[in-house]
Amino acid sequence: MDKPPVLQYINTAIICTLLLASCTSPTNKPEISKEVVEQVTHSGQVPKRVWLNQGWSDKLRQDFWFTGQGSQIIPYSWFTWLEQPDSTALFRDSEHMEMLRYLPSKTSANNPSGLPIGFALHHNQQTGQAWVGMTCAACHTNQLDFNDTKILIEGAPTLANFVLFFSRLNAALEATLNDNQKFNRFAKRVLKGSTSAELIDDLREDLKHVALATAERQTVNALPAHYPEDFTSYARLDAFGNIQNAGTAFALDDLNNKNAPTAPVSYPFLWGTHQSNVVQWNASAPNVPVIGPLVRNIGEVVGVFGSLAIEEAPVWQRVWGKHARYSSTVDIQGLGQLEAWVKTLLPPAWPEQYLPGIDTNKAAQGKLLYQDNCANCHQLIDRKNVLKDYQAVTVPVRTIGTDPTMSNNASCHQAKTLFLAGTKTDILIGNKFDAIDRAIDIPVNGVVGLVLKHPIKAIEAGLVAERAGPNGKKTTAKKSIEERLKVYLKNRHDLSPDTDVDCQDGFYDAGVYKARPLNGIWATAPYLHNGSVPNLWSLLQSPELRPDTFWVGSRQFDPVHVGYITHKGMNEFNVKQGNGDVMPGNSNHGHLHGTTLSNDEKWQLVEFLKTL
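Described in the following lines is the structure provided in the data block. (Residues numbered from 1 in each chain as written. Predicted model: local features only at pLDDT ≥ 70, side-chain atom pairs only at ≥ 80, totals over all residues. Heavy atoms only, no water.)

Brief notes about the overall build of the protein
- Secondary structure summary: the protein contains 21 helices and 22 strands in total.
- The globule rule puts the C-alpha radius of gyration for 612 residues at 25 Å, and the 24 Å found for the protein is close to it.
- Oriented by its inertia axes, the alpha-carbon framework of the protein measures out at about 80 × 55 × 55 Å.
- Put simply, 73% of the contacts in the protein that link residues at least 6 apart link residues at least 24 apart.
- Surface exposure of the protein reaches about 25700 Å², of which carbon and sulfur atoms provide 52%.
- The distance from the centre of the 56 positive side-chain charges to the centre of the 60 negative ones in the protein is 6 Å. (Helix = DSSP H or I, 4+ residues; strand = E, 2+ residues; numbered from the N terminus. Rg over C-alpha atoms; globule rule 2.2 N^0.38 Å. Contact = heavy atoms within 4.5 Å. Areas by Shrake-Rupley, 256 points an atom, 1.4 Å probe, with all protein chains shown as cover. Lys, Arg positive; Asp, Glu negative; His and termini not counted. Charge placed at Lys NZ, Arg CZ, Asp CG, Glu CD.)

Quick look at the nonpolar core
- Core analysis: the largest hydrophobic core is formed by 91 residues, its most contacted members being Phe64, Ile153, Ile291, Ile298, Ile310 and Trp522.
- If we ignore the near neighbours within four places in the chain, the residues touching Ile291 are Val451, Ile481, Arg484, Leu485 and Tyr488.
- Formed by 38 residues, the second largest nonpolar core is a distinct cluster that contains Ile74, Leu169, Leu191 and Tyr267. (Core = buried A, V, L, I, M, F, W, Y, C linked by side-chain atoms within 4.5 Å. Buried < 20%, exposed > 50% of the residue type's maximum accessible area, 1.4 Å probe, protein only.)

Comments concerning the sheet that holds strand E5 (residues 141-146)
- Reading across from one edge, E1-E6-E5 is the order of the 3 strands in this open sheet, with mixed pairing throughout. Each edge of the open sheet carries a strand with a single partner, namely strand E1 (50-51) and E5.
- Pairing of E1 with strand E6 (residues 149-154), which is carried by 2 bridges, proceeds in the parallel orientation. Residue Trp51 lies in a different strand from E6, and its bridge partner there is Leu152.
- Contacting E1, E5 and E6, helix H2 (residues 58-66) runs over the sheet at an angle of about 75 degrees to E6. (Pairing = 2+ DSSP bridges. Axes fitted to C-alpha atoms, helices over the stretch in contact; angles between N-to-C directions.)

Notes on helix H8 (residues 197-220)
- In this model, H8 (24 residues) spans 35 Å end to end at C-alpha, consistent with the 34 Å of a helix rising 1.5 Å per residue.
- Burial in H8 covers these residues: Leu203, Asp206, Leu207, Val210, Ala211, Thr214, Arg217 and Val220.
- The inward-facing, buried residues of H8 abut strand E2 (74-75), helix H3 (76-81), helix H6 (162-178), helix H7 (180-190), helix H9 (239-251) and helix H10 (291-303). (Expected span 1.5 Å × (residues − 1).)

Points about the state of the cysteines
- A full pass over the atoms with the stated rule returns 1 disulfide.
- For Cys136, which is in no disulfide, the shortest distance to another cysteine sulfur is to Cys139 and amounts to 8.6 Å.
- When its relative accessible area of 10% is taken as the criterion, Cys139 is described as buried. (Disulfide = S-S within 2.5 Å.)

Quick look at the side chain of Asn445
- Turning to its location among the elements, Asn445 is positioned in helix H16 (residues 441-453).
- Judged by its relative accessible area of 1%, Asn445 is buried.
- Once residues within four sequence positions are removed from consideration, Asn445 is found in contact with Ile310, Tyr326, Leu420, Lys424, Thr425, Asp426, Ile427 and Phe433.

Considering the pairing of strand E3 (residues 119-123)
- Within E3, 4 of the 5 residues are buried, which leaves it mostly tucked inside the rest of the structure.
- Bridge count for E3 against strand E4 (residues 130-134) is 5 bridges, and the pairing is antiparallel. For Phe119, the partnering residue across the bridge sits in E4 and is Met134.
- Linking E3 back to E4 in an antiparallel pair, the connection comprises 6 residues, with Gly128 at a positive phi of about 80 degrees.

Observations concerning the sheet that holds E4
- Taking strand neighbours across the sheet as the criterion, the 3 strands line up as E2-E4-E3 in an open arrangement whose pairing is antiparallel. Edge strands, defined here as strands with exactly one partner in the open sheet, are E2 and E3.
- Across 2 bridges, the pairing between E2 and E4 is antiparallel. Opposite Pro75, over in E4, you have Trp131 as the bridge partner.

Examining the packing of H9 against H10
- For the pair H9 and H10, interaxial distance at closest approach is 8 Å and the crossing angle is 80 degrees. Between H9 and H10, the crossing angle belongs to the class labelled roughly perpendicular. Where H9 abuts H10, its residues Asn242, Ile243 and Ala246 lie against Gly299, Glu300, Val302 and Gly303.
- Broken down by class, the residue content of the contact of H9 with H10 amounts to 3 nonpolar, 3 polar and 1 charged. (Parallel < 35°, antiparallel > 145°, perpendicular 65-115°, else oblique. Nonpolar A, V, L, I, M, F, W, Y, C, P; charged D, E, K, R; others polar.)

Quick look at the packing of H6 against H7
- Interhelical geometry of H6 versus H7 gives an angle of 100 degrees and a closest axis separation of 5 Å. As the angle between them shows, H6 and H7 are arranged roughly perpendicular. Across from Ala175, Thr176 and Asn178 in H6, the residues of H7 making contact are Asn180, Lys182, Phe183 and Phe186.
- Looking at the contact of H6 with H7, its residues break down into 3 nonpolar, 3 polar and 1 charged.

A few points about H10
- Taking 1.5 Å of rise per residue, the 13 residues of H10 would be expected to cover 18 Å, and the 19 Å separating its terminal C-alpha atoms lies within 8% of that figure.
- Burial analysis of H10 places 12 of its 13 residues in the buried class, which makes it a mostly covered element.
- Burial in H10 covers these residues: Ile291, Gly292, Pro293, Leu294, Val295, Arg296, Asn297, Ile298, Gly299, Val301, Val302 and Gly303.
- Just downstream of H10 lies Phe305, where phi reads positive at about 75 degrees.

Remarks on the pattern of salt bridges
- Following the criterion strictly, the structure yields 23 salt bridges and no others.
- Glu312 is paired through a salt bridge with Arg318; the nearest N and O atoms lie 3.7 Å apart.
- According to the relative accessible area criterion, Arg318 is partly exposed, its value standing at 32%.
- Across the pair Asp441 and Arg438 runs a salt bridge whose closest N-O atoms are separated by 3.0 Å.
- Assessed through its relative accessible area of 7%, Arg438 is described here as buried.
- Salt bridges sharing partners connect three or more residues here, namely Glu83, Lys182, Arg185 and Arg189. (Salt bridge = Lys/Arg side-chain N within 4 Å of Asp/Glu carboxyl O.)

Here is the structure:
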């Protein structure tokens, strides 16, 4: 449930305005005053970067970076002045955020505290309080370095370590609570020098409330004890696992109703996402016009601090068939605008002004090899057609042979449904929930409930994206939200065969992975869906010749092998466990296409992939 603490010290004008409105207009809901956020200078050095032509203006780029989507991590002023857990340096300091591989950014009108790219200001719709939350750009913007040039790629998968970020945030909140000197510095900055004992006490209580919530989230999403501490690490996250737990443990308010997020995957690149008929690595979400992208994006926000609550409806509502009430901090209108921008994003072209030039003779030979070895799955789309819709190819997990953990967990994880038992899984259609059922169906139920709760906003947000860009459609709102949802949900069920039959011993026999067109693939290392292969050259080797260990987290680009350098980094990725067995979730096997070519042919194919 959306239960932000009442932070009295932030803006007393908010309370006064509400009291005045309640006295003068008792029948109308008063307009919420938004907390005023002052600009402060960014902390530390922000590197000078270059940009590629991906179809976005400078203004659009900034808007995408800092338009909120309803995510709430901690109050904005707290994040501005919170210190690192083990020093007096600010948490938002550029050096610290760069260590976590988030992208430092300068203070601006839409980034008032100089936070990293993708850390956006969000005003809570109920209180007007300012919060910081992640938006799309935090996970889908990246920088690669070559020589002295730092190249920013819009829509590229981040190298960030989300789990380490959240662990250090939790530690910072805990340290601020337990270290009086640290708390006093924090309070002085947040309260703007106020020495009111009442305000200081209120701040400490609110800090306890938020610190407990972050500790609970970290506990719920913890890995099993036998997993290595840095299993998720840089450039990977089990987003599906986090979304599942957001529904089963937090939305239903049962912290034991969880599954361990043991299937971290690479963050997908965003260009071409809106144009595909299905999304997600396991092709589980239909991209039905208007409603499909919205449902997908609401689910994404729920996984990154967009609270979701599913509560049992009161008796008088259950009498006429309403079983649950849904609430969230998700900003539906913001999501519509973000999707509209993503729809117009172009894949990055290999920048020969910054990277070594492409050998056109090798690339020409590589194109022929691509058509013979790759194009059946990864269709070739000419650059002039990259904004047109396409039908994605899906390949059975058993056929492609890559790590099955993501597919298995997404479809086979189970959870208690509590008071939802006996109600339709998708509210409008579907079978009824059993007492224990598919975990992913619970947050989906919540997302559908939110869309039905805000039908006008949902339609408006969906139409913004449909009408955007050169291929915008003059779609109208003639169809009701219920009609559109039923089409979406039917498509979703068609993509998900009966898991009661197909999930045997945790393996989803009907599982598939999506094979995308490879436009811009050169900028998206590491490779395979789980990031288990460091570069394109390694991907073309037989699995037994692919590296079992390599360093991750380096931004230094390797234009020859096409990936990041692997001899140094922030963490070491290990395919195998200490006993020599492959670590579930980390397998680099499978995807044998191109592996039987000669070395000369492989280099030709790599050269062609640079041209996409």
